[in-house]
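So you can see what is in the structure, the chains are spelled out below.
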Amino acid sequence: MLILPAPRAVILCLGLQLLFWLCLAPQVEAQAVVPGLAGDHALSEAQVGELLIVELRCAACHEGISASAATVPPAPRLDEASWRISPEYLKAFILDPAGSHPGAKMPDVLARFDPRVREDAAAAIPAYLSVLAKQQGAGPGSVFEREPVDAARVARGRKLFHAVGCIACHALSGNSPSVNAAGELPDSAGAAVGLGHVASKYSLASLSDFLFQPLRVRPAGRMPDMGLSRVEAEDVANYLLAEVSMTEDSDPVDLELAELGGALLQKLSCVSCHDLQGLSAPAPVTKGRNLDPTGGCLSEDSKKTPRYQMSAAQRAALRAALVAEPEEVSDAARIDQTLTSFNCIACHVRGEHGGVSLELAPYFGTSEPELGDAARIPPPLTLAGAKLNLEWMQRVLFDGEKVRPFMDTRMPQFGEANLAHLPALFESVDHLDPLVPLGFDGDEERRAARDGARKLLGTTGLACVACHNFNGKETVGFKGIDLVTSHERLKFSWFKRFVVDPQEYRPGVVMPESWSGGIAAHTEILGGDTDKQISAIWDYLSLGRSARDPQGLSSVSQELVVGDRTRTYRGRSQIAGFRGIAVGYPGGLSYAFDANNGTLSGIWRGRFVSARWDGQGAGGFNPSSRPIRLAQDLSFYKLKGPDDPWPLKPVMDEENPVNPDPQYPRNRGYRFRGYHLDQARTPTFMYSFGKLDVTDKCEPILEGERPVLRRSLSITASDPETIWFRALTGEVQALGPRAFKTGELELRLERAGEHRLPFGETVLRSFGEEDPQLELLIQLIIPRGTSKWRIDYELLR
């Protein structure tokens, strides 16, 4: 055989552990686990069946069977399986998915074959995947290797696992059950996605990599991205693998066996669900919904079809769906199905359903306990479409935008491809009778209204800033949601109703009734007119970052110093926008990155930054030395041609405070994916443009007289593509084919790595009508796979 058996002692240890927990844990009927179905959902039996049709990917073989989904959720990627998954586990899982991973959605495709054929197939498929990984250069390595667990990191991993939200779907952590504060196993444990198989499946490296970017391996989003940093992902991986430490070797791959594995992947219709390069999916087995509800995969003793883990209730639900009269799925029903599919209802209430269970409530924490449950329990989704602006919902769901840094539980990222429909559905279904803010005519009336609003929010008025941060400045008391975000997040019709009657729209929220019964508490401000006061506050908050601080709010400016390691600080900044990131290196070189637009926006040498307070929060920062300013518009874009104008970011000021294009970067294909730090604490930014995935890391070169910031870009493309890079703006001069300069810096661009494809065009042209400048555009020819680029910024002063 190609795969060596695990040591007997380890197998015995795992067996005893498994027996122990089976005796301890509540016994449940074997079934494919969809966590949301165990929660307080709103689905009928037939709707549960429709959801199972989607979750079990029935439409991969039975075209047109789903009444609620046009596409099949993508199955996990297998091109990296040979280094991500233990060979022993992979073989065991192919032989018996239910036995290796109770609750797995994958069927037993070998159930109808005799034991010898099953053994051969279970060895051949991993062999093929190993060859495939080597051919594609997939993953950090091509061979599975175990490493010892770092005992010092296990406690940190356990704390993270139970704090950030993993517990909402995984009631079992590692090979041990997660218990509540009373030491009891949650009642929902039997319906959660078990983790008892994880220690035998993953290595420390492969599990860490998966937890850091789960959507890359499982694009269907049922295992979401929890926003873990590299270090946090490694901590959680150490915790989940704490009970097993062993070595495991792999034999050289038998190429004939691998060839058989490729043939089996097609023969067994594995490629109907799993996308594998070079293998094509077979034609659908059936078309339409005219199926025998008691035959095929729904038969309990079929000898000819894949065998799924299904309980009697699940089979009944699938049969109910198949015999139900076809009808158009309403927008409200699509919302209910989506929230159940992705288990949003484990954390969020919508209407009479969902919400954190009593068993799991102790795991939801906060750094501001005085603010009550609203500071630790995720907000309700009741009337979400009437409450939140469409653009804000998209930013929360797809860009990781957040306004509750005090909440331990993190909002998962399920992937835009999976939830792109949800914001529009909320808007379609959720309604309140419209309310319109009062207008203020003329500069004098508007100025009086804004002065009144400023006083109302301040400490001599309603003292809102006693509990809420404002414009990135922390209050000296509670650290509630930043008030400046209200206008971009909320709709006025919901905002007014909420401030008048907070308990009606967020029961239990720690917020006073400042207009109890619609009557103003401060009659001396704006004539005590409730409508005028609330409208004035709304207008004042519409100023966004340009709004003057309310009375009684103070900020502390502090100089941040770089020590012997790279320092990274996040916050608002004039040089890098509202999602600015400043990076300072030992030796005095620093730069700013605009994460909202994916742009390196400034470079300077000397002192690092001054911030309003120390920390990694949303406080503002400014370079402490004079920076070289670069453009803050998008850096990469797919122009139609060299004459096509570059898309410039919207300009806002006090006269035009409302952003005319709030989705400027998103509408042009840009998505920020976060960053991770290496051992020197140097960040690597991750973002995408359309179908291109980019990693972006800068390092200082301080050997010569003039410092150089070396920027290394790694661009991964599924297909060849051509994009444009806007390298410089201002008084730009060409020094050579790929060398240019302004009065303050020199830029050099070259390819790195193995690819030697030619560059495209270089265009130096004028832009802007009122104040014309030059912009340098360089065409980049991106091959399939990963290409590397190097940009040197040499400072001339």
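As a reminder, the structure under discussion sits directly above these lines.
The text that follows walks through the structure, step by step, so that each part is easy to find. This one's a predicted model, so the numbers in the text were calculated from it and none came from an experiment.

**Concerning the overall build of the protein chain**
Then, in step 1: Within the protein chain, the secondary structure is distributed over 24 helices and 26 strands.
Then, in step 2: Out of the 797 residues belonging to the protein chain, those deemed buried represent 52%.
Then, in step 3: At a minimum sequence separation of 6, the contacts of the protein chain that also span at least 24 residues come to 66%.
Then, in step 4: Here the protein chain has roughly 36700 Å² of accessible surface; of this, 53% comes from carbon and sulfur atoms.

**Concerning the sheet that holds strand E7 (residues 558–560)**
Strand pairing in a sheet is mediated by backbone hydrogen bonds. Such pairs are either parallel or antiparallel.
Then, in step 1: Spatial ordering of the open sheet is given by E7-E12-E13, a layout of 3 strands whose pairing is antiparallel. The open sheet has two edge strands, E7 and strand E13 (621–623), and neither has a second partner. Put simply, the sheet's adjacent strands are angled 30 degrees from each other on average, direction ignored.
Then, in step 2: When strand E12 (residues 609–611) meets E13, the two strands line up antiparallel, connected through 3 bridges. Across the sheet, residue Ala611 finds its bridge partner in E13, namely Phe621.

**A word on empty space enclosed by the protein**
Then, in step 1: As enumerated under the stated definition, the model contains 4 cavities of 30 Å³ or more in all.
Then, in step 2: Of the pockets and cavities examined, the largest cavity occupies roughly 130 Å³.
Then, in step 3: By residue number, the principal contributor to the lining of the largest cavity is strand E20 (residues 721–730), which donates 5 residues.
Then, in step 4: When grouped by side-chain class, the residues that make up the lining of the largest cavity number 8 nonpolar, 3 polar and 3 charged.

**Digging into the pairing of strand E8 (residues 567–573)**
Then, in step 1: A large share of E8 lies buried, amounting to 5 of its 7 residues.
Then, in step 2: Counting the residues between successive antiparallel strands, the hairpin from E8 to strand E9 (residues 577–584) contains 3 residues.

**Here we look at the packing of aromatic side chains**
Then, in step 1: Summed over the entire model, instances satisfying the criterion amount to 22 aromatic pairs.
Then, in step 2: Considering the side-chain rings of Tyr670 and Phe689, the 5.2 Å spacing of their centres and the 45 degrees angle between planes classify their relative orientation as tilted. Of the two residues, Tyr670 sits in strand E16 (residues 670–677) while Phe689 sits in strand E17 (residues 683–689), which places them 19 residues apart along the sequence.
Then, in step 3: Tyr670 sits in the buried class, given a relative accessible area of 3%.

**Thoughts on the sheet that holds strand E14 (residues 628–629)**
Then, in step 1: Read from one edge to the other, the open sheet built from 5 strands follows the order E8-E9-E10-E11-E14, with strand pairing classed as antiparallel. Looking at the sheet topology across the chains shown, the edges are occupied by E8 and E14.
Then, in step 2: Relative to strand E10 (residues 589–594), E9 runs antiparallel, the two being bridged by 5 bridges. Bridge pairing links Ile581 to Phe593 in E10.

Conventions used here
- Residues numbered from 1 in each chain as written.
- Predicted model: local features only at pLDDT ≥ 70, side-chain atom pairs only at ≥ 80, totals over all residues.
- Heavy atoms only, no water.
- Helix = DSSP H or I, 4+ residues; strand = E, 2+ residues; numbered from the N terminus.
- Buried < 20%, exposed > 50% of the residue type's maximum accessible area, 1.4 Å probe, protein only.
- Contact = heavy atoms within 4.5 Å.
- Areas by Shrake-Rupley, 256 points an atom, 1.4 Å probe, with all protein chains shown as cover.
- Pairing = 2+ DSSP bridges.
- Axes fitted to C-alpha atoms, helices over the stretch in contact; angles between N-to-C directions.
- 1 Å grid on protein atoms, 1.4 Å probe; cavity = no way out; pocket = protein on both sides within 12 Å on 5 of 7 lines; lining within 4 Å.
- Points joined across faces, edges and corners; volume = space filled by probe spheres on them.
- Nonpolar A, V, L, I, M, F, W, Y, C, P; charged D, E, K, R; others polar.
- Phe/Tyr/Trp six-rings, centres within 6.5 Å; stacked < 30°, edge-to-face > 60°.

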